[in-house]
Amino acid sequence: MKSQKRSVRTVLSGYLAAFLLAAIAILWLVQTVFLQSFYEKTKYSQAKQVGVMAAQNFHEVFIAADFSNRGFAVSMRNAAKENEATVAVCDEFGFIYATFGDFQFDNIISLLRPHQLYQIYALAANSGGEYTEALTTRFERESPDTILAAKIIPGSDRDFMLLVSTDIVAMTSVKKTLRAQLLVVSCLLLAIAFAMAALLSTKITSPLAQMAQMSSKLAMGEYSVSFSPGEYKESEDLAASLNYAAMKMSEVETLRRDLVANVSHDLRTPLTMIRGYAELMRDLPGEDTTENLQSIIDETSRLSSLVDSLLGYSRLQAGAQDIDVSPFDLVALARLAVSRFAPYLEGSRFEMEFKASQESIIALGDEAKIGQVVYNFIDNAIKHSNGPNRAVVDIYTEEGRAKVSVSDFGIGIPESAIGEIWERYYAVRDGHIQKDAGTGLGLSIAKSILEAHKSNYGVLSKLGEGSVFFFDLELDG
Ligand code: ADP
């Protein structure tokens, strides 16, 4: 089924386009809709600023009424030029003392009569010394075309009025140009945005797509795949996690294969023996002996113990170790376990020693499961004995608890592996194939049984010298 989700490219293009449209809308408003009022506001403040500047910088010029002062004249002329304005200094009676700037024939200041100048003076005087007005002087214009700004500046025997006039141009054609420009710019920016979205999304998604492809290979069982990190931190993290997952999956796969190989090997050996003995007894009349029958029985019990550990393993996987606690004789249990190995050791030079501090030690626990643990410890001691050797099974009490230790003088366990041998499938590999390679399940099952008993258990081992596996149990009463 095709996914209904949108691609990164579509989303990114959408966001970029939305961002651009918002930016363009703002530009549109500023440049066209509000252009005229921005322009007029700027003109107003520029015209007012000339008066403020004159009052601040040329205070003495007004006190001395010396308007031909060079500094003042240059400054006023420049201000007029910069602001496309005309500047005049007059008094209350409309008498003009000086003018600066380009006075055209229709300049408002030159058209004003003395009494009109007086009126402006009065308006400024009444509103704190400053007055501005937008006037429509040309009859063909519908909106104001001139700004008049007046500022009263004190002199010695009389006060003066600095009058600034500046034209307001209609922005119609400017607006048209801007609009056309904006249209072209918008189209260009949109094209760039889409190109960028395409580029960015490819950059972001290509490592993802590659990883998706690799993941499906992984799912098909190709554990050697390697996820490349891409350019970004996020894709790098993802690749690292996936590589880790691939590594773990491949480990599990190897363990699974080993397990199947080991289990089939373990199943085949007793089966071959049973068949051998049975055939022997069928074909040769004198071979119908109790010993041969016993061998068949022993091999079947090996098979059942293997099946037991597989069952234990599946329970372990389910996470459940239900224990059935009751008092039992630990010495008798351990003795029985040791005796089960006697037939195998017969004729071999392996010595099995059994020690018990008391005739019987009654402990609390699940007898069958503890038997499994003791059996596993002894089995391991024999398996890892490295030729003719010996093992000691010791049952005693210490600090109010029943204790079991199984010591061997075999190959020992490397220090680095001590913590791991209790894990599932773990088997210390020394580079060459182990003849008696087990399933790597025995100790993990023992661990879960002992933990369910809240037992203190562990191993002390030295490579080349041997190991001591031990655990304890609560005493009854
Ligand atoms: P296995 O079926 O392989 O024996 P276990 O879980 O019983 O599985 O043991 C795990 C691994 O721990 C063994 O493969 C072996 O490498 C190591 N080990 C266990 N007991 C001993 C021992 N007595 N001496 C040396 N190594 C041991």
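Below: a short report on this structure.

## Some thoughts on the layout of surface pockets
Thought 1: In this structure, the second largest pocket spans a volume of roughly 300 Å³.
Thought 2: Within the residue set of the lining of the second largest pocket, elements represented by two or more residues are α2 (35-57), α4 (70-82), β1 (85-91) and β5 (159-167).
Thought 3: The element contributing the most residues to the lining of the second largest pocket is β5, with 3 residues.
Thought 4: Split by residue class, the lining of the second largest pocket holds 5 nonpolar, 8 polar and 7 charged.

## Observations concerning the pairing of strand β9 (residues 390-398)
Thought 1: Summarising the sheet, strand β7 (residues 351-356) and β9 pair through 6 bridges and their orientation is parallel. Counterpart to Glu353 in the pairing with β9 is Val392.
Thought 2: Where β9 folds back onto strand β10 (residues 401-408) in an antiparallel hairpin, the turn is made up of 2 residues, including Glu399, whose phi is positive at roughly 50°.

## Re helix α7 (residues 172-219)
Thought 1: Look at α7: 68 Å from first C-alpha to last across 48 residues, which is about the 70 Å you get at 1.5 Å a residue.
Thought 2: Of all the bends in α7, the greatest, near 35°, is centred on Thr205, and the proline Pro207 appears no more than four residues after it.
Thought 3: Within the span of α7, buried status applies to Leu178, Leu182, Ser186, Ala193, Ala197, Ala198, Ser201, Pro207, Met211, Met214 and Leu218.
Thought 4: Downstream of α7 by one or two residues, Gly221 has phi in the positive range, about 100°.

## A word on the packing of aromatic side chains
Thought 1: Per the counting criterion, the structure on display carries 16 aromatic pairs.
Thought 2: Ring centres 6.1 Å apart and planes at 50° place the aromatic pair Phe67 and Phe72 in the tilted group.
Thought 3: Overall, the relative accessible area of 0% leaves Phe72 in the buried class.
Thought 4: A network of ring pairs unites the aromatic residues Phe58, Phe62, Phe67, Phe72, Phe95, Tyr97, Phe100 and Phe160 as a single cluster.

## Focus on the pattern of salt bridges
Thought 1: Under the definition given, this model contains 15 salt bridges.
Thought 2: With a closest N to O distance of 3.3 Å, Glu231 and Lys203 form a salt bridge. Of the two residues, Glu231 is situated in the loop between α7 and α8 (233-283) and Lys203 in helix α7; the sequence distance between them amounts to 28 residues.
Thought 3: Residue class for Glu231 comes out exposed when judged on its relative accessible area of 57%.
Thought 4: A relative accessible area of 39% means that Lys203 is categorised as partly exposed.
Thought 5: Ionic pairing is found between Lys383 and Asp379, a salt bridge with its closest N-O pair at 3.8 Å. Placement of the pair is Lys383 and Asp379 together in helix α11 (residues 367-383), with a separation of 4 residues, close to one helical turn.

## Brief notes about the nonpolar core
Thought 1: In terms of nonpolar packing, the biggest core is built from 42 residues, with Leu330, Ile370, Val374, Phe377, Ile378 and Phe471 touching the most fellow members.
Thought 2: Of all elements in the fold, only α8, α10 (330-345), α11, β9, β10, α12 (442-452) and β12 (466-475) reach the threshold of two or more residues within this core.
Thought 3: Setting aside residues up to four positions removed in sequence, Phe377 forms contacts with Val406, Trp422, Leu443, Ala446, Leu450, Phe469, Phe470 and Phe471.
Thought 4: Ala47, Ala79, Phe100 and Ile153 belong to the second-largest nonpolar core, a separate cluster that totals 28 residues.

## Description of the sheet that holds strand β3 (residues 130-135)
Thought 1: Strand order in the open sheet formed by 5 strands is β2-β1-β5-β4-β3, with antiparallel pairing between adjacent strands. The sheet is open, and its two borders are formed by β2 (96-100) and β3, each paired with just one other strand. On average, adjacent strands in this sheet sit at an angle of 15° to one another, irrespective of strand direction.
Thought 2: Where β1 lies against β2, 4 bridges are found, and the strand directions are antiparallel.

Cut-off values and rules
- Every chain is numbered on its own, with residues counted from 1 as its sequence reads.
- It should be noted that, the model being predicted, local features are given only for residues of pLDDT at least 70 and side-chain atom pairs only at 80 or more, the latter also being counted only at that level, while totals for whole chains, interfaces and linings use all residues.
- The side-chain quantities take in all heavy atoms of the structure and omit both hydrogens and water.
- In this analysis a 1.4 Å probe is tested at points of a 1 Å grid over the protein atoms alone, and where it fits but cannot get out there is a cavity; an open set with protein on both sides within 12 Å along at least five of seven lines is a pocket; lining residues have an atom within 4 Å of a point.
- Grid points are joined across faces, edges and corners, and a volume is the space filled by probe spheres set on the points.
- Helix numbers and strand numbers start at the N terminus; a helix is a DSSP run of H or I with at least 4 residues, a strand a run of E with at least 2.
- Residues are grouped as follows: Ala, Val, Leu, Ile, Met, Phe, Trp, Tyr, Cys and Pro are nonpolar; Asp, Glu, Lys and Arg are charged; all remaining types, including Gly, are polar.
- We call two strands paired when DSSP finds no fewer than two bridges between them.
- Residue count minus one, scaled by 1.5 Å, sets the expected span of a helix.
- To get the bend at a residue, fit one axis to the 7 residues ending there and another to the 7 starting there, then take the angle between the axes.
- A simple rule labels every residue: compare its accessible area, found with a 1.4 Å probe on the protein chains alone, to the largest value its type can have, and call it buried under 20%, exposed over 50%, or partly exposed in between.
- Only the six-membered ring of Trp is used, alongside the rings of Phe and Tyr, when aromatic pairs are assigned; centres must lie within 6.5 Å, and planes under 30 degrees apart are stacked while those over 60 apart are edge-to-face, with the rest tilted.
- By definition here, a salt bridge exists when the distance from a side-chain nitrogen of Lys or Arg to a carboxyl oxygen of Asp or Glu is within 4 Å.
- Residues belong to one nonpolar core when they are buried, are Ala, Val, Leu, Ile, Met, Phe, Trp, Tyr or Cys, and are joined through side-chain atoms within 4.5 Å.
- Residue contacts follow a heavy-atom distance rule, with two residues in contact if any of their heavy atoms lie within 4.5 Å.
- Under this scheme, a helix contributes an axis fitted over its contacting stretch, all axes are lines through C-alpha atoms, and angles between N-to-C directions fall in the 0 to 180 degree range.

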